[in-house]
Amino acid sequence: MKNLFTPLLSFGFTLISATFAQAQVVTIPVETAHNALVLQSNVAKQLNAIYYGKKLSNAPEYSAIPDTYKQAEDYTGLYNAAYTAAGSRNLLEPAIAVTHADGNNSLDLRYVSHEVTKQGDDVSLLRIELKDPVYATNVTLYYKVYYKEDIIEQWSEIRNTEKGTITLQKFASANLNLKANSYWLRQYHGDWAREMQPEETQLTHGIKTLDTKLGTRINLFMPSVFMVSFDKPAGEDEGKVLYGGLEWSGNFKTDFEVDPQNNLRIISGINNYASPYELKSGESLTTPAFWYTMSDMGKGEASRNVQNWARDYKILDGKGQRLTLLNNWEATYFDFNETRLSGLLKDTKSLGVDLFLLDDGWFANKYPRNSDHTGLGDWEENRTKLPHGIASLDKEAQADGVKFGIWIEPEMVSPKSALYSKHPDWVIKQPQREEYYYRNQLVLDLTNTQVQDFVFHTIDSLFIKAPGLAYIKWDCNAVIYNAYSVHLKNKQSQFYVDYVNGLYKVLKRIRAKYPTVPMMLCSGGGGRVDYGALQYFTEYWPSDNTDPLERIFIQWEYSYFYPAIASSNHVTDWGKQPLKYRIDVAMMGKLGFDIVIDKLSAADRKFSQDAVKIYDGVKQIIWHGDQYRLADPRTGSVASVMYVDASKSSGVMFNYLVNSRYGEGSPTPFKLKGLDAVKRYKLQEINLYPGSKSGIDSERVYSGDFLMKIGFNPAVNTSRSSVIVQINEVK
Ligand code: DGJ
């Protein structure tokens, strides 16, 4: 791989820099495998983004790209700053707004220099220094480029080198400038059990904002991920589309502004709502990364870029293995004891999954956690339910030949808890107002280092007590009402930002001591997931809604942005579908069970045990392969998704009936994707319910060419509502 950046002022291979003194116009193409983002510092040293699209084969021609804004600027006043400052010549929504020590609200950023550092075969980092010619405010723009994956991460570092304190009124991570005839935004909204509901609309002139102000578990109503298609809504395999998202687990704001000249500016960053951020002299703020990718080949390719990038660079142990599990939440809720848990450990073994996950309810004595009204914060074992503690469960699990994992919700506190009585000042609440609860609980003040220590030691003590502890489900079930931190005193406007940084500090400490233990990022409602948090977690909980029919839609939308290996899918009693359908849907990710195994019929039990073995045989393809969407459940009565391994010799195709009205099903074949046209394949139905037979001829040999041009009909219908087909190369 070469030419990650092909600077048109080039001073070396791995470290390239240019300064204003050496040239008047500096063109900086930021190249990925297929695209280029071209930045240009003009004669006035204003840094503009003049192009983002397919890359050119002849790099010197980047400097010949006409700056269409420039041509129009003189009479429109619009321009395309790489990082748009407020209060000077910008007339639209800015990325950064600063109040200087003297009260002046203007900022004007000019190019000083840039340099590129190679961080590996695939990764480079471009730094661009900007400076205000009047005030001592400096900004460094960072562009981290993942060449193969066509992904750029962009963020900024804002430094105050004035003598006095400045206030950042707005401090977005990035802004993009895009040009098309029309723009189509696919955005998501949701609520508990209704996560990732898509809406796709044409952007009109003015500003459309996606944001959240919930403080924590911010995705409840809206995640930061989005797609923008250009000129028409992109299809799965055609059309130009941009994906983006903010790597931040707190309040975000993304503005989409279509200006009068039909340019689109996307500005994304931490939400400045209630958050003017002060920087004393010498202090700096680094914003979280905004990631984005563009594809000319539709939503499918863009999602595979993101999934590859996520597994290679963003998700903890993204290329590693995962543990299948039996969880007891919906099997017992708060009602269990050691005898019941011993039985569940045995069920874990007999089911054939790797781990038993003990959920909510195991802790607190003064206010025992027997319902969701009490106990959060008192993380010692409940003596009635677990007289021998988690140490003994850990040992018992080892003796039974399974692993042991535990649920915890460490950012939270119940008003009825010893922790709350002891440290009322650790709790986020308005001192003079009545408390207001979400799920009967409050949030701990992670801006406070003592609270950070408490949370770290809480997790640490679990590992000390139960050295075999192999998994943590980290839950988060409340938003932040009455945002106020005793600790921050008169710096309340830093609360929302410092809360998330406090959380990340704790997670960093945990990961320094326990680098690989798998942890699930969970939230009952909202699917708390973003690439800021996923660097500490191996997986996330997409939704409490595990009705498989609903999950097909929810998982479908998540899969545009997150790979299957990170999706914790549990088989539960939600929904009306048969057990086979429920297990098949949960297999499209990391399989878990949350059902009462000993109440299953003999046939269901046997089927579940066999399903785990079958899953073990195909899970590497699902976790690490390329995902292709074949039939969209929103436009037909069948959903079809396939995964293919890197060598294109093995694959799995999942097919589900999503509309059970008379005559619905798959009347025509689905064209498979991602296979090798010249390879030959056999297709075999797997995970059949005991006693049922497949009509699929597993001896027939197809060419990849045939399967991709003519297709294959999995024959889904009301009596075969879920069909999994394994695809194997015939050598
Ligand atoms: C919400 C989670 O989503 C559930 O799976 C369960 O862990 C409960 N919290 C426990 O309170």
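Above this note sits the structure.
On a predicted model such as this, the values are computed, not experimentally measured, just so you know.

Undergrad: Help me understand the sheet that holds strand β31 (residues 626-631) in this model?
TA: Think of a sheet as strands paired side by side through backbone hydrogen bonds, with each pair either parallel or antiparallel. Read from one edge to the other, the open sheet built from 6 strands follows the order β31-β32-β33-β36-β34-β35, with strand pairing classed as antiparallel. In this open sheet, the two strands that pair with only one neighbour each are β31 and β35 (701-703). Strand-to-strand twist of the sheet, defined as the mean angle between neighbouring strand axes without regard to direction, takes the value 25°. One ladder, built from 3 bridges, connects strand β34 (residues 680-686) with β35; its direction is antiparallel.

Undergrad: Can you help me understand the site of the ligand in this one?
TA: As a matter of local geometry, the ligand sits amid W329, D359, D360, W407, R439, K473, D475, N477, C522, G524, W541 and D544. Within the side chain of D475, an N or O atom sits 2.7 Å from a nitrogen atom of the ligand. Coverage of the ligand by the protein chains reaches 97% of its 290 Å² of free accessible surface.

Undergrad: Would you take a moment to explain the packing of helix α4 (residues 338-351) against helix α11 (residues 602-624) for this structure?
TA: Between two packed helices, the angle of one axis relative to the other and the distance separating the axes together describe the packing. Put simply, α4 and α11 touch, their axes get as near as 9 Å, and they point 65° apart. When α4 is examined against α11, the residues D347, S350 and L351 are found in contact with a partner set consisting of R605, S608, Q609 and V612. Of the residues belonging to the contact of α4 with α11, the class tally is 2 nonpolar, 3 polar and 2 charged.

Undergrad: I tried to follow helix α9 (residues 548-559) on my own but got confused; where do I start?
TA: Residues spaced three or four apart along an α-helix point in a common direction, a consequence of the helix completing one turn every 3.6 residues. Along its 12 residues, α9 runs 15 Å from first to last C-alpha, staying within 8% of the 16 Å computed at 1.5 Å per residue. In terms of burial, α9 is largely enclosed, as 9 of its 12 residues are buried. Every buried residue of α9 is listed here: P548, R551, I552, I554, Q555, W556, E557, Y558 and S559. For α9, the N-terminal capping position is held by D547, with its side-chain oxygen 2.9 Å away from the main-chain nitrogen of L549.

Undergrad: Is there a simple way to explain the pairing of strand β23 (residues 403-408) in this structure?
TA: A regular strand places its side chains on the two faces of the sheet in alternate fashion. Burial analysis of β23 places 5 of its 6 residues in the buried class, which makes it a mostly covered element. Bridge count for strand β22 (residues 355-358) against β23 is 4 bridges, and the pairing is parallel. Considered in β23, the bridge of F356 is made with F404. In the sheet, β23 pairs with strand β26 (residues 469-474) via 5 bridges, with the strands oriented parallel. Bridge assignment links I408 to a residue of β26, and that residue is W474.

Undergrad: How should the packing of aromatic side chains be read in this particular structure?
TA: To describe a pair of aromatic rings, one takes the distance between the centres and the angle between the planes. A full pass over the atoms with the stated rule returns 43 aromatic pairs. Between Y146 and W309, the ring centres sit 5.9 Å apart and the planes meet at 70°, which makes this aromatic pair edge-to-face. A residue pair is termed long-range when its members are at least 10 positions apart, and Y146 in strand β8 (residues 137-146) and W309 in helix α2 (residues 298-314) qualify at 163 residues. The same class applies to Y146 and to W309, which are both buried. Considering the side-chain rings of Y183 and F230, the 6.1 Å spacing of their centres and the 80° angle between planes classify their relative orientation as edge-to-face. Here the residue Y183 occupies a position in strand β11 (residues 183-189), and F230 occupies one in strand β14 (residues 226-230), the gap between them amounting to 47 residues. Above the ring of Y273, the side-chain terminus of K213 is found at 5.6 Å from the ring centroid. A cation over an aromatic ring shows up here: R509 above the ring of F456, its NZ or CZ 4.2 Å from the ring centre.

The rules behind the values
- Residues numbered from 1 in each chain as written.
- Predicted model: local features only at pLDDT ≥ 70, side-chain atom pairs only at ≥ 80, totals over all residues.
- Heavy atoms only, no water.
- Pairing = 2+ DSSP bridges.
- Helix = DSSP H or I, 4+ residues; strand = E, 2+ residues; numbered from the N terminus.
- Axes fitted to C-alpha atoms, helices over the stretch in contact; angles between N-to-C directions.
- Near = heavy atom within 4 Å.
- Polar contact = N/O pair within 3.5 Å; in protein donor to acceptor, adjacent residues only side chain to side chain.
- Areas by Shrake-Rupley, 256 points an atom, 1.4 Å probe, with all protein chains shown as cover.
- Contact = heavy atoms within 4.5 Å.
- Nonpolar A, V, L, I, M, F, W, Y, C, P; charged D, E, K, R; others polar.
- Expected span 1.5 Å × (residues − 1).
- Buried < 20%, exposed > 50% of the residue type's maximum accessible area, 1.4 Å probe, protein only.
- Phe/Tyr/Trp six-rings, centres within 6.5 Å; stacked < 30°, edge-to-face > 60°.
- Lys NZ or Arg CZ within 6 Å of the ring centre and 35° of its normal.

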